[in-house]
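Geometric and topological summary
What follows is each chain in one-letter form.
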Amino acid sequence: MRELARVEIEALQARREQTESDLKLLLVPSDPNDEKNVILEIRAGTGGDEASLFAADILRMYARYAERQRWKMEILDASETGIGGIKEAVALIEGDKVYSKLKHESGVHRVQRVPQTEASGRIHTSAITVAILPEAEDVDVKIDPKDLRIDTFCSSGPGGQSVNTTYSAVRITQSKNKSSTRLSRATGVRWWAPAIAQKRFAPITSRKTVSPITASALPFISSIR
């Protein structure tokens, strides 16, 4: 009986530690952004061409992870290099609780390896930055027509009979709010840019090191679009 009790106590102690750990996680307030889609920005930093190749590797890594999670990844903007790398890329990732799983990825990622651009076999260090931002909500902006000043302008100089009679330019000046429109991705405006800029110039609080890997110069945009 003593032996049975000792074995049971050991098992219960291990279970108790796991239960306490689970309870601590349950007591942490949930992030209101955890359910949102994310805007992913990857930008090559120190390292020249090798940094752009590393940025392409990281973009492919997130694309494969999104595929395994059954998320949808859409490239919104990308600047490629001639050797298969990228200078910067912005992607939208949509799915279930995307932000909750990617929000800690923001920061500087560093790699030390022998790159394809190195002929003498020396190890290079290169770095990139990753920004993860929750997708912005649609915003309704209201405006009072009294806040608008509308100026019209006619053509001038020699020309046909419409010169000086046709309003060929209109300027709208707004003193307060912007026009009452619904801002969304459908507008085609880079609505994520201000938030990314704010994130990029904020103090870096996390730094990640990536184990040596082999760079690949295969085209990446066509494989994840």
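Residues numbered from 1 in each chain as written. Predicted model: local features only at pLDDT ≥ 70, side-chain atom pairs only at ≥ 80, totals over all residues. Heavy atoms only, no water.

Our focus in this paragraph is the overall build of the protein chain. Helix and strand counts for the protein chain stand at five helices and 10 strands. Counting every position in the protein chain, which comprises 225 residues, the buried fraction comes to 28%. Pairs at least 24 apart in sequence give 70% of the contacts found in the protein chain among residues at least 6 apart. Within the structure as shown, the protein chain displays about 15,400 Å² of accessible surface, and the carbon and sulfur contribution to it stands at 52%. (Helix = DSSP H or I, 4+ residues; strand = E, 2+ residues; numbered from the N terminus. Buried < 20%, exposed > 50% of the residue type's maximum accessible area, 1.4 Å probe, protein only. Contact = heavy atoms within 4.5 Å. Areas by Shrake-Rupley, 256 points an atom, 1.4 Å probe, with all protein chains shown as cover.)

This paragraph deals with the pairing of strand β4 (residues 107-113). The buried fraction of β4 is high, at five of seven residues. In terms of strand pairing, β4 meets strand β5 (residues 124-134) through seven bridges, oriented antiparallel. Across the sheet, residue arginine 110 finds its bridge partner in β5, namely alanine 127. (Pairing = 2+ DSSP bridges.)

This part is about a nonpolar patch on the surface. A contiguous nonpolar surface patch, about 370 Å² in accessible area, is contributed by Leu148, Ile150, Val170 and Ile172. Those elements that place two or more of their residues in the nonpolar patch are β7 (148-154) and β8 (167-174). Relative to the helices and strands, valine 170 is located in strand β8. Here valine 170 falls in the exposed class, since its relative accessible area comes to 55%. (Patch = residues over 30% accessible without salt bridge, like charges linked within 9 Å, V, L, I, M, F, W, Y side chains within 5 Å. Salt bridge = Lys/Arg side-chain N within 4 Å of Asp/Glu carboxyl O.)

Tracing the backbone shows threonine 129 in strand β5. Measuring from C-alpha to C-alpha, the distance between threonine 129 and glycine 45 comes to 6.8 Å, with 84 residues separating the pair along the chain. Setting aside residues no more than four positions away along its own chain, threonine 129 makes contact with Glu41, Ile42, Arg43, Gly107 and Val108.

Moving on to helix α2 (residues 49-68). With 20 residues, α2 extends 29 Å between its outermost C-alpha atoms, agreeing within 8% with the 28 Å of an ideal straight helix rising 1.5 Å per residue. Within α2, 14 of the 20 residues are buried, which leaves it mostly tucked inside the rest of the structure. Phi turns positive one or two residues past the end of α2, at arginine 70, with a value near 65°. (Expected span 1.5 Å × (residues − 1).)

With that settled, consider the side chain of serine 126. Summarising the element assignment, serine 126 is placed in strand β5. Excluding anything up to four places from it in sequence, serine 126 contacts Thr46, Gly47, Glu50, Ala51, Phe54, His109, Arg110 and Val111.

To continue, consider the packing of aromatic side chains. Tallied over the entire structure, the rule returns one aromatic pair. With centroids separated by 5.6 Å and ring planes inclined at 80°, the aromatic side chains of tyrosine 65 and tryptophan 71 adopt a geometry described as edge-to-face. Residue tyrosine 65 is classed as partly exposed on the basis of its relative accessible area of 32%. When its relative accessible area of 9% is taken as the criterion, tryptophan 71 is described as buried. (Phe/Tyr/Trp six-rings, centres within 6.5 Å; stacked < 30°, edge-to-face > 60°.)

Before going further, it helps to examine the pattern of salt bridges. Scanning the model with the defined rule gives 11 salt bridges in all. Residue arginine 6 pairs with glutamate 3 through a salt bridge whose shortest N-O separation is 2.3 Å. With arginine 6 and glutamate 3 both in helix α1 (residues 2-27) and three residues apart, this pair spans about one turn of that helix. By relative accessible area, glutamate 3 is classed as partly exposed at 47%. Between lysine 103 and aspartate 31 there is a salt bridge; the shortest N-O distance is 3.6 Å. Residue lysine 103 is found in the loop between α3 (98-102) and β4, and its partner aspartate 31 is found in the loop between α1 and β1 (38-44); the two are separated by 72 residues along the sequence.

Another aspect to go through is the environment of glycine 85. Position of glycine 85 among the secondary structure elements: in the loop between β2 (72-80) and β3 (86-94). Residue classification places glycine 85 among the buried positions, given a relative accessible area of 0%.

This part is about the pairing of β5. In the sheet, β1 pairs with β5 via seven bridges, with the strands oriented antiparallel. Across the sheet, residue glutamate 41 finds its bridge partner in β5, namely alanine 131.

What follows deals with the nonpolar core. One recurring pattern in soluble globular proteins is that nonpolar side chains are buried together. Core analysis: the largest hydrophobic core is formed by 25 residues, its most contacted members being Leu40, Ile42, Leu59, Met73, Ile93, Leu102 and Val130. Looking at this core, the elements with two or more residues in it are β1, α2, β2, β3, α3 and β5. If you tally residues by element for this core, the top one is α2, at eight residues. (Core = buried A, V, L, I, M, F, W, Y, C linked by side-chain atoms within 4.5 Å.)

Below, the discussion takes up the confidence of the model for the protein chain. Looking at the protein chain as a whole, its pLDDT mean stands at 76, while 69% of the residues score no less than 70. When the criterion is pLDDT under 50, residues 201-225 qualifies, and its contacts beyond four places in sequence or with other chains add up to 52 contacts. (pLDDT = per-residue confidence, 0-100.)

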